[in-house]
Amino acid sequence: MGLLQFLKSQFLCHLIICYVFLVSGLLINLIQLCTLPLWLISKQLARRINIRLGYCIASQMVAVLEWWSGTECTLYTDPKSYQLYGKENAIVVLNHAFEIDFLCGWTFCERFGVLGSSKVLAKQELSYVPVIGWMWYFLEIVFCKRKWEEDRTNVARSLQNLRDYPENYWFLLHCEGTRFTPKKHQISMQVAESKGLPQLKYHLLPRTKGFYITVQNLRGTVAAIYDSTLNFRNNEAPTLLGILNGKKYHADLYVRRIPLESVPEDESECAAWLHKLYQEKDGFQEQYAQTGRFPGPITSPPRRPWSLINWLFWSCVVLYPLGLLLAQLLSSGSVFTIVTAVVVCSAVSMGMRWMIGQTEIEKGSNYGIKAAPENSN
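Residues numbered from 1 in each chain as written. Predicted model: local features only at pLDDT ≥ 70, side-chain atom pairs only at ≥ 80, totals over all residues. Heavy atoms only, no water.

As annotated in an unreviewed UniProt entry, the chain carries the name 1-acyl-sn-glycerol-3-phosphate acyltransferase delta and is attributed to Cyprinodon variegatus. Annotation of the chain in UniProt includes, under Sequence similarities (unreviewed entry), the sentence "Belongs to the 1-acyl-sn-glycerol-3-phosphate acyltransferase family." UniProt, in the comment section headed Subcellular location (unreviewed entry), describes the chain in these words: "Endoplasmic reticulum membrane". (UniProt positions renumbered as here; feature names shortened; annotations may be inferred.)

Listed below in structure tokens is the structure:
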């Protein structure tokens with residue numbers, strides 16, 4: 001282990017990264033709050049400002065993945081489709097099997113310049129989480145309660161609000177609804193068998209209602225579906241803690257561009273279309289398991305420097321006053337102030353560990369386990 005890798009694995013470095021993210025994130029949330037009056041004057045200007053403020057938060061996590069960890073991403077896609085990425089609105093359909101698949105989705109957005117404006121369908125509870133959840137609120141992220149009768153109206157209304165969005169965006173969608181685990185997969189395939197649907201080996205049964213309502217409300221605004229299938233080389237199972245430790249992974253992402261008009265407008269036909277899509281995704285994963293690669297040409301979109309520049313900027317902004325404060329604490333010799341500093345650092349560490357815990361598969365949602373027996377998709 002080299003010196004740099006040794007330093008990356010140290011708790012103090014992790015604490016500094018967490019401190020920068022949380023404190024700068026709260027500062028940015030405060031700035032976002034100050035944009036509220038602007039929404040009454042110029043909605044589109046407020047949106048553009050919040051896109052850039054959102055980028056200031058999300059790109060810090062991308063910077064940790066790309067620059068701190070050094071994780072590489074190889075893209076398998078059609079060259080003609082590649083030319084359109086970042087230049088149109090799209091729905092990105094991602095598989096949901098890894099702890100950092102959301103972060104890889106953000107990296108995909110960052111490489112093509114749509115990270116700040118990217119959207120997701122997220123559970124309502126996340127809107128109350130400081131930094132990320134509050135950022136999402138100002139970015140008009142679509143939240144759902146996972147209660148279909150309530151979500152049908154609320155989600156449709158939120159999606160309709162995006163029809164006049166001022167910049168290109170990607171709507172990232174995990175149609176499986178929850179992360180893949182053996183237990184959830186077993187239950188999901190029992191549902192598939194009861195409905196006469198083909199078995200999937202690498203995915204859960206997709207939930208068609210959320211996909212249908214998303215497609216229907218974004219027709220005429222979104223140009224294409226980006227069917228995206230992610231895997232990692234050497235059968236690695238990357239974690240966010242591994243990323244913080246500076247561990248380097250190599251992600252392979254297969255993306256197919258499918259024009260939105262090819263998705264049926266009838267709900268039952270749309271559901272059948274999505275099931276067929278996931279059968280194809282399963283085939284791509286099987287090919288990857290057998291050959292170590294996806295089909296199609298290979299390209300490696302270059303890292304953009306802006307995520308690193310943004311990360312360094314906010315590090316300077318929040319670490320400089322912290323350094324001054326620590327110097328004063330040490331020079332004062334006050335037991336109370338030193339204990340207070342330790343408590344604050346511990347709180348930051350615990351807060352970040354809790355946020356990381358939300359990405360861990362073993363601590364993931366039980367949605368797939370609870371909902372499967374009554375799945376009506």
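Asks: Now, about the pairing of strand β6 (residues 224–232): what can you tell me, with residues and values included?
Replies: In terms of burial, β6 is a largely internal element, nine of the nine residues being buried. In β6, alternate side chains face the same way, and those of A224, Y226, S228, L230 and F232 on one face and I225, D227, T229 and N231 on the other are all buried. Of the strand pairs in this sheet, strand β2 (residues 90–94) and β6 are connected by five bridges, and their pairing is parallel. The residue of β6 that forms the bridge with A90 is A224. (Buried < 20%, exposed > 50% of the residue type's maximum accessible area, 1.4 Å probe, protein only. Helix = DSSP H or I, 4+ residues; strand = E, 2+ residues; numbered from the N terminus. Pairing = 2+ DSSP bridges.)

Asks: I'd like a description of the sheet that holds β6, backed by residues and values.
Replies: Judged by pairing direction, the sheet is mixed, and its eight strands sit side by side in the order β4-β3-β5-β2-β6-β7-β1-β8 without closing on themselves. With one partner strand each, in any of the chains shown, β4 (142–144) and β8 (298–299) form the two edges of the open sheet. Note: strand β3 (residues 119–123) against strand β5 (residues 170–173), two bridges, orientation parallel. Bridge assignment links V120 to a residue of β5, and that residue is L172. Most of the contacts of helix α6 (residues 101–111) go to β5, to which it runs at about 165°, and overall it touches β1 (72–76), β2, β5, β6 and β7 (250–259). Strands in contact with helix α12 (residues 267–291) are β2, β6 and β7; relative to β6, the strand with the most contacts, it is inclined by about 30°. (Contact = heavy atoms within 4.5 Å. Axes fitted to C-alpha atoms, helices over the stretch in contact; angles between N-to-C directions.)

Asks: Give a description of the packing of aromatic side chains that names residues and reports values.
Replies: Within this structure, the stated rule accounts for 22 aromatic pairs. Ring centres of F112 and W170 lie 6.0 Å apart, and the angle between their planes is 40°; on these two criteria the pair is classed as tilted. Note that F112 is positioned in the loop between α6 and β3 and W170 in strand β5, a separation of 58 residues in sequence. Across the pair, exposure class does not vary: F112 and W170 are buried alike. Where Y137 meets F138, the ring centres are 5.3 Å apart and the plane angle is 90°; that geometry is what we call edge-to-face. (Phe/Tyr/Trp six-rings, centres within 6.5 Å; stacked < 30°, edge-to-face > 60°.)

Asks: Residues and numbers for the pairing of β1, please.
Replies: Here β1 lies mainly inside the structure; four of its five residues are buried. Sheet topology places β1 next to β7; five bridges connect them, and they run parallel. When the bridges of β7 are listed, C73 appears paired with A251. Looking at chain direction, β1 and β8 are connected through two bridges and run antiparallel. Residue pairing in the sheet places L75 in a bridge with T299 of β8.

Asks: I'd like a description of the nonpolar core, backed by residues and values.
Replies: Grouped together as the largest cluster of nonpolar side chains are 93 residues, with contacts concentrated most on I91, L103, W106, W136, W170, F211 and I225. At twelve residues, helix α4 (residues 43–68) tops the list of elements feeding residues into this core. Aside from chain neighbours lying at most four places away, what touches I225 is I91, V93, F211, V215, R256, R257, I258, L260, V263 and W273. Listed in part, the five residues of the second largest apolar core include Y76, Y254, F284 and F294. (Core = buried A, V, L, I, M, F, W, Y, C linked by side-chain atoms within 4.5 Å.)

Asks: I'd like to hear about the confidence of the model for the chain, residue by residue, with values.
Replies: Interpretation of the predicted coordinates at a detailed level should be avoided for regions scoring low in pLDDT. Per-residue pLDDT for the chain averages 89, and the proportion of residues at 70 or more is 90%. Residue range residues 371–377 is modelled with pLDDT below 50. Its contacts to residues more than four positions away, or to other chains, number 15 contacts. (pLDDT = per-residue confidence, 0-100.)

Asks: Mind laying out a nonpolar patch on the surface, listing which residues take part and the relevant values?
Replies: Where nonpolar side chains cluster on the molecular surface, the patch consists of L3, F6 and L7 and spans about 300 Å² of accessible area. Positionally, L7 belongs in helix α1 (residues 3–8). The class of L7 is partly exposed, set by a relative accessible area of 40%. (Patch = residues over 30% accessible without salt bridge, like charges linked within 9 Å, V, L, I, M, F, W, Y side chains within 5 Å. Areas by Shrake-Rupley, 256 points an atom, 1.4 Å probe, with all protein chains shown as cover. Salt bridge = Lys/Arg side-chain N within 4 Å of Asp/Glu carboxyl O.)

Asks: Would you mind going over the packing of helix α2 (residues 11–34) against helix α13 (residues 306–332) in detail, with residue names and values included?
Replies: Angle between the axes and distance between the axes: these two values describe a pair of packed helices. Put simply, α2 and α13 touch, their axes get as near as 9 Å, and they point 95° apart. One element, α2, and the other, α13, form an angle in the roughly perpendicular class. Counting all contacts with α2, which are made through I16, I17, Y19, V20, V23, S24, L27 and I28, the residues of α13 involved are W311, W314, S315, V318, L319 and L322. Per-class residue counts for the contact of α2 with α13 are twelve nonpolar, two polar and no charged. (Parallel < 35°, antiparallel > 145°, perpendicular 65-115°, else oblique. Nonpolar A, V, L, I, M, F, W, Y, C, P; charged D, E, K, R; others polar.)

Asks: Please set out the UniProt feature "transmembrane region" (unreviewed entry) in the chain residue by residue, giving values where relevant.
Replies: Here the UniProt-annotated "transmembrane region" (unreviewed entry) positions come out as residues 12–41, 308–329 and 335–356. Each end of residues 12–41 is marked by a C-alpha atom, and these two atoms are 45 Å apart; helix forms 97% of the span and strand 0%.

Asks: Can you explain α13? Please cite residues and give values.
Replies: Taking 1.5 Å per residue, 27 residues should reach 39 Å; α13 reaches 39 Å between its end C-alpha atoms and fits that length. Maximal helix bending in α13 amounts to about 30°, located at L319; proline P321 follows within four positions. Turning to α13, its buried residues are S307, N310, W311, W314, S315, V318 and L329. (Expected span 1.5 Å × (residues − 1). Bend = angle between axes of the 7 residues up to and from the residue.)

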